[in-house]
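Reading the structure
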Amino acid sequence: MGQKNCYILGIESSCDDTAAAVINNGKILSNVVATQHIHEEYGGVVPELASRAHQQNIVPVVHQALRKANIDKNQLQAIAFTRGPGLMGSLLVGTSFSKSLALGLGIPLIDVNHMQAHILAHFIEAEGQTAPNFPFLALTISGGHTQIVKVTDYFEMEVIGQTIDDAVGEAFDKSAKILGLPYPGGPLIDKYAKEGNPKRFKFPKPKVGPLDFSFSGLKTSVLYFVEKEVDQNPDFIEENMADICASLQFTIVDYLMDKLKNAVKKTGIKEIAMGGGVSANSGIRTALKDAEKKYGWKTHIPKFEFCTDNAAMIAIVGELKYKNQMFAEQNVAANARMKF
Ligand code: KG4
Ligand code: ZN
């Protein structure tokens, strides 16, 4: 199958990042992401604006990915693209583009589930990154997802726990908005938390099933807490930003770890792989590393560029599927609510 020079192009457009990457035998040759800053002024992703930006970005992003990989499009063996889940308008841009390109080049098309890709990103060969052994548990945490998945093989995955409302990234971003911080607020909460006292304020941990998550109540409790304090002292937020962020982050990280402990107990699997934009959070990274010594877990945290939405993760899935001849037909349609 020409393994030595198997070049696959991955395309990601499920939310607000237009991305393209080229993979060659497990190694990423290029990984280009155009992040859409237009959403910052709205405090969240505006779907229609996201689709329009994808439309503008997709051709230059793909060109750049090919150029950085130092290959011509005629050298590609297949096109892998995100079919879902995600925003329909955004998915349509990547899907239509990929179908046309594959048809034009006369090469196979490979559809990829975005959530599977977050997990399989661990199999990219890169320095400082270790591939997990099957079976393992994947904790996928981002602005759009919060899941615990039992992974028994590359394409044998079972969601054993997930959020019943907001994603954990939304809990960070919406709380940050209440504190007057710009979008996306997650990284800023992380930054302020480093200087603060995590035990100063108490926020409730929402009660749902042992492996499920709920974050909408947390956001409301932050709102009520802040409103009450600001009533008495208008400068309360400014004066206590670090302690509020540290306490909030402590609660969220502790909650994620509680759920992981429950999942380990239930499945007996002690190998954990984390992915998604929130895995950049210093609190969860430290907690997961500490769990190696504390509970005897083996943990994997991918490089940051493979954690947030990217096309390298789509390309690695493309390669795994290519090896197994798992191709899509030209009539494949984007699927906003795609399941595993
Ligand atoms: O995976 P991602 O880039 O896109 C989605 O699929 O959502 O994740 C973005 C999310 C945002 O909610 C952002 O606030 C959060 O990841 N995030 C963080 C940190 N870095 C990114 N949350 C907490 N701490 C961080 N350091
Ligand atoms: Zn994602």
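Owing to the predicted nature of the structure, the values given are computational and were not obtained by experimental measurement. (Residues numbered from 1 in each chain as written. Chains lettered and ligands numbered in written order. Predicted model: local features only at pLDDT ≥ 70, side-chain atom pairs only at ≥ 80, totals over all residues. Heavy atoms only, no water.)

1. Considering the overall build of the protein
- Along the protein, the regular secondary structure elements total 10 helices and 10 strands.
- For 340 residues, the compact-globule formula gives about 20 Å, and the C-alpha radius of gyration of the protein, at 20 Å, lands near that figure.
- Buried positions account for 54% of the 340 residues belonging to the protein.
- Sequence separation of at least 24 residues holds for 73% of the intrachain contacts in the protein that already meet a minimum separation of 6.
- A total accessible area of about 15,100 Å² is found for the protein, and carbon and sulfur atoms account for 51% of it.
- Positive and negative side-chain charges in the protein, numbering 35 and 36 respectively, have mean positions lying 5 Å apart. (Helix = DSSP H or I, 4+ residues; strand = E, 2+ residues; numbered from the N terminus. Rg over C-alpha atoms; globule rule 2.2 N^0.38 Å. Buried < 20%, exposed > 50% of the residue type's maximum accessible area, 1.4 Å probe, protein only. Contact = heavy atoms within 4.5 Å. Areas by Shrake-Rupley, 256 points an atom, 1.4 Å probe, with all protein chains shown as cover. Lys, Arg positive; Asp, Glu negative; His and termini not counted. Charge placed at Lys NZ, Arg CZ, Asp CG, Glu CD.)

2. Some points on the nonpolar core
- Counting 47 residues, the largest nonpolar core has Phe 215, Ile 252 and Met 257 as its most contacted members.
- Elements with a minimum of two residues in this core: strand S6 (136-141), helix H4 (168-178), helix H5 (186-193), helix H6 (216-232), helix H7 (236-267), strand S9 (271-275) and helix H8 (282-295).
- Take this core: its biggest share by element is 15 residues, from H7.
- Ala 19, Ile 23, Leu 120 and Ala 311 belong to the second largest nonpolar core, which has 31 residues in total. (Core = buried A, V, L, I, M, F, W, Y, C linked by side-chain atoms within 4.5 Å.)

3. Examining the coordination of the zinc ion (ligand 2)
- Coordination of the zinc ion (ligand 2) by the protein is provided by His 114 (NE2), His 118 (NE2), His 145 (NE2) and Asp 309 (OD), with metal-donor distances spanning 2.1 to 2.5 Å.
- Around the zinc ion (ligand 2) sit 4 donor atoms; with metal-centred angles ranging over 91 to 161°, the donor geometry is irregular. (Donors = N, O, S within 2.8 Å, 3.2 Å for Na, K, Ca; no water. Tetrahedral: all angles 85-135°; square planar, octahedral: opposite > 155°, others 65-115°.)

4. Observations regarding the sheet that holds strand S10 (residues 298-300)
- Spatial strand order, S8-S7-S6-S9-S10: 5 strands in an open sheet with mixed pairing. Either end of the sheet is taken by a strand with one partner, and the two such strands are strand S8 (156-162) and S10. With strand direction ignored, the average angle separating the axes of adjacent strands in the sheet is 25°.
- Where S6 and S9 come together, 4 bridges link them in parallel fashion. What sits directly across from Ala 138, in S9, is Ala 273.
- Across the sheet, H7 is in contact with S6, strand S7 (146-153), S8 and S9; its angle to S6 comes to roughly 155°. (Pairing = 2+ DSSP bridges. Axes fitted to C-alpha atoms, helices over the stretch in contact; angles between N-to-C directions.)

5. Some remarks on the packing of H4 against H7
- At a closest axis distance of 11 Å, the pairing of H4 and H7 adopts a crossing angle of 165°. As judged from the angle between their axes, H4 and H7 are roughly antiparallel. Handedness of the crossing formed by H4 with H7: right-handed. Where H4 abuts H7, its residues Val 168, Ala 171, Phe 172, Ser 175 and Ile 178 lie against Ile 237, Leu 248, Gln 249, Ile 252 and Leu 256.
- Partitioning the contact of H4 with H7 into residue classes produces 8 nonpolar, 2 polar and no charged. (Parallel < 35°, antiparallel > 145°, perpendicular 65-115°, else oblique. Left-handed = near helix turned anticlockwise from the far one by under 90°. Nonpolar A, V, L, I, M, F, W, Y, C, P; charged D, E, K, R; others polar.)

6. Quick look at the UniProt feature "binding site: substrate" (unreviewed entry) in the protein
- Here the UniProt feature "binding site: substrate" (unreviewed entry) sits at Thr 140, Ile 141, Ser 142, Gly 143, Gly 144, Asp 173, Gly 186, Asp 190 and Asn 281.
- Within the secondary structure layout, Gly 143 lies in the loop between S6 and S7.
- Look past the residues within four positions of Gly 143 in its chain and what remains in contact with it is Ala 167, Gly 169 and Glu 170.
- Position of Asp 173 among the secondary structure elements: in helix H4.
- Contact partners of Asp 173, with chain neighbours within four places excluded, come to Tyr 183, Pro 184, Gly 185 and Gly 186. (UniProt positions renumbered as here; feature names shortened; annotations may be inferred.)

7. With respect to the sheet that holds strand S2 (residues 17-24)
- Ordered in space as S3-S2-S1-S4-S5, the 5 strands form an open sheet in which the pairing is mixed. Whereas interior strands pair on both sides, the edge strands pair on one side only; in this sheet they are strand S3 (27-35) and strand S5 (109-113). The sheet shows a mean angle of 20° between the axes of neighbouring strands, taken without regard to direction.
- Contacts between helix H1 (residues 47-69) and the sheet are confined to strand S1 (7-12), S2, S3 and strand S4 (76-84), with S2 contributing the most and set at about 25° to the helix.
- On top of the sheet, helix H2 (residues 88-105) reaches S1, S4 and S5; it is set at about 160° to S4, its chief contact.

8. Concerning the UniProt feature "domain: Gcp-like" (unreviewed entry) in the protein
- Under the UniProt annotation, "domain: Gcp-like" (unreviewed entry) lies at residues 27-315.
- For residues 27-315, the end-to-end C-alpha separation is 10 Å, with 48% helix and 18% strand making up the annotated structure.

9. Here's the deal with unusual backbone geometry
- Of note, the amide linkage connecting Gly 84 to Pro 85 takes the cis form, showing an omega dihedral of -10°.
- Tracing the sequence through the fold places Pro 85 in the loop between S4 and H2.
- In this chain, Phe 134 is followed by Pro 135 through a cis amide linkage whose omega measures -10°.
- As for its position among the elements, Pro 135 is in the loop between helix H3 (114-120) and S6.
- The phi angle at Gln 325 is positive, at roughly 55°, despite the residue not being glycine.
- Tracing the backbone shows Gln 325 in the segment after helix H10 (312-323).

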